[in-house]
Amino acid sequence: MGRREMSGRLAAEYQGLEVKVPNLFRCPISLDVMRSPVSLCTGVTYDRASIQRWLDSGNTTCPATMLPLPSTDLVPNLTLRRLIALWASTAAPSSASSSSSSPPAPSAVGPTPAAAAAELLRRVAVPGADPCPALRKLAAFLSDDDVDEFDKNALARASGAAETVVSVLRRGDKEDGVEAAEAAVRVLAAIATSDCIEEENRKRVTAALAADAASTAASLARVLRSGSELEARIDAARLVDSLLRNAAHGVRATVAESEPLIAGLIRLIGPVDEKGGLDKQAVAAGLSCLAAIAATRRARSEMVRLGAVPAVVRVLAADAGSPSEALRVLEAAVGCAEGRAAICEAAESAIPAVVSKMMKGGMGGAEAAVSVLWAVCQRYRDRRAVDAAAACEGGLTKLLLLMQSGCSPAARQMASELLKLFKVNAKSCLAGYDSKTTHIMPF
C-alpha cells in the first residue's frame, strides 16, 4: 500500500512536467514509445528491438499473453507507426517551452524525427553560421543502422530538407566551403543512395541537385578534387552517378561534359596511398560514373585526354574490381580516334589486361572486351595491338567460350574474326582461363 501511495504522490508531484503518452504507443516490454512497432502472431504489438531481444534470449512465448508462438515472424504495424509519428509531430511543439520535460525520444538526434529535422535544418540554414556540426549529426543519423527506417524517411521528406543541404554544397566561394561541402555530400548521399530511403525521397535529392546542374557539377568536382576524406569523395561520385542515371537528358549532358568532374572521377579510381594501392569502393563508384559519362559522345574524347585509358587499364591489371564497368569505359574509348591511339600506345599492358578480364565481367563485360580487341586489332589493324593480342595466353580459349555462351550475333562475329590473331598452340588453347571446369576443345 505504501508503494502505491508513493507512486501516486510522485505522479501528482510531477504531473505538470509530464508528456501524455497514449498507452497504445508504449511497448509492453520496455514501456517506452515504440520506434518500430511490429506484431506477433498473437496480435500483440511490441517495439522491434525489445521483442527481438526477447526472442534472441531463447523465449518461445508471447511476453504479454505467455501463449506459445507457432511463428516468430515480426509483421510491421504500419498503421500504428503512422499514428505514433503523427502524435510525435504534434506533441513536440507543446513540450518545447518546458526545459525540464520532453517526450520520449524515438531516435538519437532529438525528441522526434520531425522536430530533430526542423532544428538541425534550421541550424544549417542560419546565415553566417557553421553548418558542419548539424550536417554531421544528420549524416550520422541517416547512416546509423539502429535508427528505424521510418525515422530516416521522416527526416528525408521534411520540407526543404534536400534544398537546404544542396545550398550548402554549392557554397564554393568560401574558404571553409570544402569542409561544409563534404559534410553536405555525406548527408545527400545517405539519402540518395540508401536502399532504406523511399524512392520519392531519393528523387527529392536528385531534383534539388538538378535544379542548377552546372553549379552542382562544379561543387561535386571540387569535393572530388580537394576533399580531405576518401569517403566524402566516394559519396560525391555516388551523387554524380545518381544524376547521370536519373536526371533529365539536359542535366545528364551538363554533368557528363564537366571537365573538372571527369578529372576528379579519374583521380578517384587512381592510387590512394604512396604504395599505389587502389580502393575498391572508390574504383566502383568512379567507374560507374565514367561508364555513364562515356554514353555521351562529346565527353569521350575529353575522358581520354584527361587520362581515363591508362587509369582504367591500371584498375584491370590490379584486379581492383568492377571489370565490367572498366571494359565498358574502354569500349567507349575505342569509339574515338584519341581512345584507340591511347590503347594502342599502351598495347603491351592494355591488351593483356583486357584479355585477362574478358570472362570475369559477365556477358556485358565479355562483349565489351571483344569489341575493344576487334576495334584496335581487326578494324584498324594496329600492329602493336595485334602483336600484343597474339601473344596473350588463353585468348583463343576465351573467344571460343564466348562464342558458345549465347552472346549477341555481333559479338560472335567479332570473336570469329579475332580467332586468327591468336597463336594456335597448346599453351594458348588450355591456359589463361581461371576455371575448374573441364572444357572440350573442338579440335
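A quick note: this is a predicted structure, and the numbers were derived from the prediction, not measured.

A. Fine view of the overall build of the protein. Helices and strands together make up the secondary structure of the protein, namely 24 helices and three strands. Looking at the protein as a whole, 49% of its 443 residues qualify as buried. A sequence separation of at least 24 residues applies to 65% of the contacts in the protein between residues at least 6 apart. For the protein, the exposed area adds up to about 21800 Å²; of that, 52% sits on carbon and sulfur atoms.

B. Broad picture of the side chain of Glu-325. By the element assignment, Glu-325 lies in helix 17 (residues 323–333). When near neighbours in sequence (up to four residues on either side) are disregarded, Glu-325 contacts Leu-287, Ser-288 and Ala-291.

C. Here's a closer look at the pattern of salt bridges. Within the structure shown, the criterion is met by 16 salt bridges. We note a salt bridge from Asp-235 to Arg-238, for which the minimum N-O separation is 3.3 Å. Here Asp-235 pairs with Arg-238, and both are found in helix 11 (residues 230–246), just three residues apart, close to one helical turn. For Arg-238, a relative accessible area of 32% puts it in the partly exposed group. Beyond isolated ion pairs, a larger network of salt bridges with shared partners links Arg-186, Glu-229, Asp-235 and Arg-238.

D. Representation of the environment of Met-414 within the structure. With respect to the helices, strands and loops of the structure, Met-414 is situated in helix 23 (residues 409–418). Overall, the relative accessible area of 15% leaves Met-414 in the buried class. Separated by 47 residues in sequence, Met-414 and Glu-367 place their C-alpha atoms 9.3 Å apart. Not counting the four nearest positions on each side in its chain, Met-414 is found in contact with Val-370, Ser-371 and Trp-374.

E. Structural context of the packing of aromatic side chains. Summed over all chains, the structure comprises one aromatic pair. If you follow Arg-340 out to its NZ or CZ, it ends over the ring of Tyr-380, 3.9 Å from the centre.

F. Fine view of the environment of Ile-293. For Ile-293, the location among the structural elements is in helix 14 (residues 280–293). Note on Ile-293: relative accessible area 0%, which makes it buried.

G. Examining the sheet that holds strand 3 (residues 75–76) more closely. One open sheet holds the three strands; their spatial order is 2-1-3, and the pairing between them is antiparallel. Pairing within the sheet leaves two strands with one partner each, and these edge strands are strand 2 (45–47) and strand 3. In the sheet, strand 1 (residues 37–39) pairs with strand 2 via three bridges, with the strands oriented antiparallel. Bridged to Val-38 within strand 2 is Tyr-46. Running at roughly 95° to strand 2, helix 2 (residues 48–56) makes contact with strand 1, strand 2 and strand 3 of the sheet.

H. Local environment of the confidence of the model for the protein. For the protein, the mean per-residue pLDDT works out to 82, and 83% of the residues sit at or above 70. The low-confidence segment residues 1–18, where pLDDT is below 50, has four contacts with residues more than four positions distant or belonging to other chains. Low pLDDT, under 50, characterises residues 424–443; the predicted model gives this stretch 31 contacts beyond four residues in sequence or across chains.

I. Just the nonpolar core, in detail. Formed by 125 residues in total, the largest nonpolar core has its most connected members in Leu-135, Leu-169, Leu-220, Ile-343 and Ile-351. A total of eleven residues in this core trace back to one element, the largest contributor, which is helix 8 (residues 177–192).

J. Examining the layout of surface pockets more closely. A volume near 330 Å³ is recorded for the largest pocket. Going through the elements one at a time, helix 5 (132–143), helix 8 and helix 11 are the ones with two or more residues in the lining of the largest pocket. Class assignment of the residues belonging to the lining of the largest pocket gives a composition of six nonpolar, four polar and six charged. When its volume is computed, the second largest pocket comes out at roughly 260 Å³. In terms of lining residues, the second largest pocket is bounded by 13 residues, among which Ser-36, Arg-48, Asp-146, Val-147 and Asp-148 are the most central. Listing elements by their share of the lining of the second largest pocket, those giving two or more residues are helix 2 and helix 3 (78–95). In terms of residue class, the lining of the second largest pocket is made up of four nonpolar, one polar and eight charged.

K. Layout of unusual backbone geometry. Not every positive phi belongs to a glycine, and Leu-31 is a case in point at roughly 65°. Looking at where Leu-31 falls in the secondary structure, it is placed in the loop between helix 1 (2–13) and strand 1. Residue class for Leu-31 comes out exposed when judged on its relative accessible area of 52%.

L. Spatial organisation of helix 7 (residues 161–169). Judged by how many residues are buried, helix 7 sits mostly within the fold: seven of nine residues are covered. Buried within helix 7 are the following residues: Ala-161, Ala-162, Thr-164, Val-165, Val-166, Val-168 and Leu-169.

M. Here's a closer look at the state of the cysteines. What the rule picks out here adds up to zero disulfides. With no disulfide of its own, Cys-344 has Cys-377 as its nearest cysteine by sulfur position, at a separation of 7.5 Å. We classify Cys-344 as buried; its relative accessible area is 5%.

Conventions used here
- Counting from 1, residues in each chain are numbered in the order their sequence is written.
- Only residues with pLDDT of at least 70 get local features here, since the model is predicted, and only at 80 or more are side-chain atom pairs given and counted; chain-wide, interface and lining totals rely on the full set of residues.
- Only hydrogens and water are removed before side-chain values are computed, so all heavy atoms of the structure are retained for them.
- Helix numbering and strand numbering both begin at the N terminus, where a helix is a DSSP run of H or I of at least 4 residues and a strand a DSSP run of E of at least 2.
- Any residue under 20% of the maximum accessible area for its type is buried, any over 50% is exposed, and the rest in between are partly exposed; the area is computed with a 1.4 Å probe on protein chains only.
- Residue contacts are defined here by distance: any two heavy atoms, one from each residue, within 4.5 Å place the two residues in contact.
- Using a 1.4 Å probe, the Shrake-Rupley method yields the accessible areas, and only the shown protein chains count as cover for residues.
- Put simply, a salt bridge is a Lys or Arg side-chain nitrogen that is within 4 Å of an Asp or Glu carboxyl oxygen.
- Side-chain rings of Phe, Tyr and Trp, where Trp is taken by its six-membered ring, are said to pair if the distance between their centres is within 6.5 Å; with planes under 30 degrees apart they count as stacked, over 60 as edge-to-face, and otherwise as tilted.
- Placement of a charge over a ring requires the Lys NZ or Arg CZ to be within 6 Å of the ring centre, with the centre-to-atom vector within 35 degrees of the ring normal.
- Being paired, for any two strands, means DSSP has found at least two bridges between them.
- Lines fitted to C-alpha atoms define the axes here, with helix axes fitted over just the stretch in contact, and angles between the N-to-C directions of these axes take values from 0 to 180 degrees.
- Across the chain, each position has a pLDDT score giving the predictor's confidence in that residue, from 0 to 100.
- Nine residue types can take part in a nonpolar core, namely buried Ala, Val, Leu, Ile, Met, Phe, Trp, Tyr and Cys, and a core is a set of them joined through side-chain atoms within 4.5 Å.
- A pocket, in this scheme, is an open set of points on a 1 Å grid over the protein atoms alone with protein on both sides within 12 Å along at least 5 of 7 lines, while a cavity is a set where a 1.4 Å probe fits but cannot get out; residues line either one if an atom lies within 4 Å of a point.
- Grid points are joined across faces, edges and corners, and a volume is the space filled by probe spheres set on the points.
- In this classification, Asp, Glu, Lys and Arg are treated as charged, Ala, Val, Leu, Ile, Met, Phe, Trp, Tyr, Cys and Pro as nonpolar, and every other residue, Gly included, as polar.
- Note on disulfides: each one is a pair of cysteine sulfur atoms within 2.5 Å.

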